[in-house]
Amino acid sequence: VERLRQRVRAAIVNNLGAASDPGTGAGVVVALVTGDQRSIRREDWLLFRQTGVAHLMSISGLHITLLAWLSARALAWLWRQTTRWPGAWGRACLWCPAPVLGRWGGVGVALAYSVFCGWGIPAQRTVGMLALVCVLQAGGRRWPWPPLWSVTLAGVLLWDPWACLQAGFWLSFVAVGVLFATDAGRTISSQAPAAAQPDRGLSERALGPLLGLLREQGVLGLALAPLSLLLFGQVSVVGLVANLVAVPWVTAVVTPLALLGCLLPPLWWLA
């Protein structure tokens with residue numbers, strides 16, 4: 001696995017130029033693809049910390065979940081195409097429904113990518129939660145968020161009891177716990193009926209995601225400020241504004257381009 005990471009890192013650096021070149025951003029692409037943050041320049045890290053976006057310059061649970069979701073959708077679509085094939089393959093969806101295969105395939109992709117990126121605390125938490133959600137959905141069970149969060153936390157500590165001494169452990173679990181806690185009535189289930197949504201105007205539909213992002217960033221900023229002071233001795237006063245731009249941009253644009261660059265290297269330049 002380490003040799004594979006090194007080959008991918010070398011490919012990115014060779015494609016984009018020296019990682020120390022301030023005009024290429026190769027160090028950031030390396031960090032987003034392989035989890036190796038050593039290529040990011042010191043002055044860049046200072047800027048990321050001061051603006052409160054340093055958490056995006058690594059393999060975060062958000063990135064892994066995005067990859068798992070995309071993989072699940074793609075695998076489910078491919079599996080549905082087997083219904084057009086002749087013979088036994090045409091009945092493959094009867095043996096294993098496409099949504100089930102897609103969900104577990106997404107968990108498998110998330111696990112493989114997490115191992116490739118070093119199996120850090122955020123990766124362990126994300127893979128554990130994804131797998132537990134798939135188990136609950138397979139059994140048709142409904143769990144509120146505290147048991148899901150607690151079981152995953154216990155699993156991480158059973159795997160590595162010293163994880164509680166890492167800043168990433170507290171930041172990762174506290175952030176997810178706060179997001180769950182501020183989403184009233186959240187349950188993890190494939191059987192929960194979808195609530196009827198009233199018709200909304202175009203402006204309301206457009207503002208909805210922006211207001212949701214603003215709310216989440218505000219809640220996270222307030223909740224993680226004491227931890228940031230305790231662990232790092234500083235809090236970014238512009239972090240809320242910076243993250244409103246950086247979170248969707250890095251998550252929806254930069255990271256997918258960086259990952260797809262492993263298949264099409266020119267995309268690393270776009271990233």
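Whatever comes next refers back to the structure up there.
Please read these numbers as outputs of a predicted model, since none were measured by experiment.

Novice: Would you mind going over the layout of surface pockets with me for this structure?
Specialist: Take a probe with the size of a water molecule and roll it over the atoms, and the empty space left behind shows itself. Quantified by volume, the second largest pocket comes out at close to 400 Å³. What lines the second largest pocket is a set of 16 residues, and nearest its centre among them are Leu-67, Leu-259, Leu-260, Cys-262 and Leu-263. For the lining of the second largest pocket, the secondary-structure elements that each account for two or more residues are α1 (2-16), α4 (61-80), α6 (98-116) and α11 (239-260). At 5 residues, α4 tops the list of elements feeding residues into the lining of the second largest pocket. For the lining of the second largest pocket, a count of residues per class yields 14 nonpolar, 2 polar and no charged.

Novice: Before we go on, may I ask you to explain the pattern of salt bridges in this structure?
Specialist: If the charged atoms of two oppositely charged side chains come close together, the side chains can form a pair. All chains considered together, the criterion is met by 5 salt bridges. Note that Arg-5 is salt-bridged to Glu-2, the shortest N-O span being 3.6 Å. Of this pair, Arg-5 and Glu-2 both sit in helix α1, separated by 3 residues, roughly a single helical turn.

Novice: Looking at this structure, how should I read the nonpolar core?
Specialist: One broad trend across soluble globular proteins is that nonpolar side chains are buried collectively. Core analysis: the largest hydrophobic core is formed by 21 residues, its most contacted members being Ile-12, Leu-16, Val-29, Val-33, Ile-64, Tyr-113 and Trp-268. Secondary structure elements with two or more residues in this core: α1, α2 (26-34), α4, α6, α7 (121-139) and α11. Grouped together as the second largest cluster of nonpolar side chains are 13 residues, Ala-31, Ile-40, Leu-56 and Val-247 included.

Novice: Just checking my understanding: could you explain unusual backbone geometry for this structure?
Specialist: What is expected of a backbone is that most residues other than glycine have negative phi and most peptide bonds are trans. We note that Trp-119 has phi near 60°; this positive angle belongs to a residue other than glycine. Checked against the element boundaries, Trp-119 lands in the loop between α6 and α7.

Novice: How should I be thinking about the packing of aromatic side chains in this particular structure?
Specialist: The relation between two aromatic rings is expressed through the spacing of the ring centres and the mutual angle of the planes. The tally for this structure, following the rule as stated, stands at 8 aromatic pairs. Here Trp-45 and Phe-48 contribute two aromatic rings whose centre-to-centre distance is 6.1 Å and whose plane-to-plane angle is 85°, an arrangement assigned as edge-to-face. Pair noted here: Trp-45 and Phe-48 are both in helix α3 (residues 42-50), with a separation of 3 residues, about one helical turn. Both residues of the pair, Trp-45 and Phe-48, belong to the buried class. Centroid distance Trp-149 to Phe-173: 6.1 Å. Interplanar angle 85°. Geometry classified as edge-to-face. Residue Trp-149 is located in helix α8 (residues 145-159), and its partner Phe-173 is located in helix α9 (residues 167-181); the two are separated by 24 residues in the primary sequence. Looking at Phe-173, the relative accessible area reads 2%, which means it is buried. In textbook terms, an aromatic cluster arises when at least three aromatic residues are bridged by ring pairs, as seen for Trp-145, Trp-149, Phe-169, Trp-170, Phe-173 and Phe-180.

Novice: What exactly am I supposed to notice about α7 here?
Specialist: Each α-helix turn comprises 3.6 residues. Residues three or four places apart therefore point the same way. Look at α7: 27 Å from first C-alpha to last across 19 residues, which is about the 27 Å you get at 1.5 Å a residue. For α7, the full list of buried residues reads Ile-121, Ala-123, Gln-124, Arg-125, Thr-126, Val-127, Met-129, Leu-132, Cys-134, Leu-136 and Gln-137. Directly after α7, the chain includes Gly-140, whose backbone phi takes a positive value near 65°.

Novice: Any chance you could explain the packing of α6 against α7 here in plain terms?
Specialist: Two quantities define a packed helix pair, namely the angle between the axes and the distance from one axis to the other. In contact at an axis separation of 10 Å, α6 and α7 are set at 165° when each is read in the N-to-C sense. In terms of their interaxial angle, α6 and α7 are classed as roughly antiparallel. Regarding α6 and α7, the two cross each other, and that crossing is left-handed. Between α6, through Arg-103, Trp-104, Val-107, Ala-110, Leu-111 and Ser-114, and α7, the contact on the second element is made entirely by Ala-123, Val-127, Leu-130, Ala-131, Cys-134, Val-135 and Gln-137. Of the residues belonging to the contact of α6 with α7, the class tally is 10 nonpolar, 2 polar and 1 charged.

Conventions we followed
- Residues numbered from 1 in each chain as written.
- Predicted model: local features only at pLDDT ≥ 70, side-chain atom pairs only at ≥ 80, totals over all residues.
- Heavy atoms only, no water.
- 1 Å grid on protein atoms, 1.4 Å probe; cavity = no way out; pocket = protein on both sides within 12 Å on 5 of 7 lines; lining within 4 Å.
- Points joined across faces, edges and corners; volume = space filled by probe spheres on them.
- Helix = DSSP H or I, 4+ residues; strand = E, 2+ residues; numbered from the N terminus.
- Nonpolar A, V, L, I, M, F, W, Y, C, P; charged D, E, K, R; others polar.
- Salt bridge = Lys/Arg side-chain N within 4 Å of Asp/Glu carboxyl O.
- Core = buried A, V, L, I, M, F, W, Y, C linked by side-chain atoms within 4.5 Å.
- Buried < 20%, exposed > 50% of the residue type's maximum accessible area, 1.4 Å probe, protein only.
- Phe/Tyr/Trp six-rings, centres within 6.5 Å; stacked < 30°, edge-to-face > 60°.
- Expected span 1.5 Å × (residues − 1).
- Axes fitted to C-alpha atoms, helices over the stretch in contact; angles between N-to-C directions.
- Parallel < 35°, antiparallel > 145°, perpendicular 65-115°, else oblique.
- Left-handed = near helix turned anticlockwise from the far one by under 90°.
- Contact = heavy atoms within 4.5 Å.

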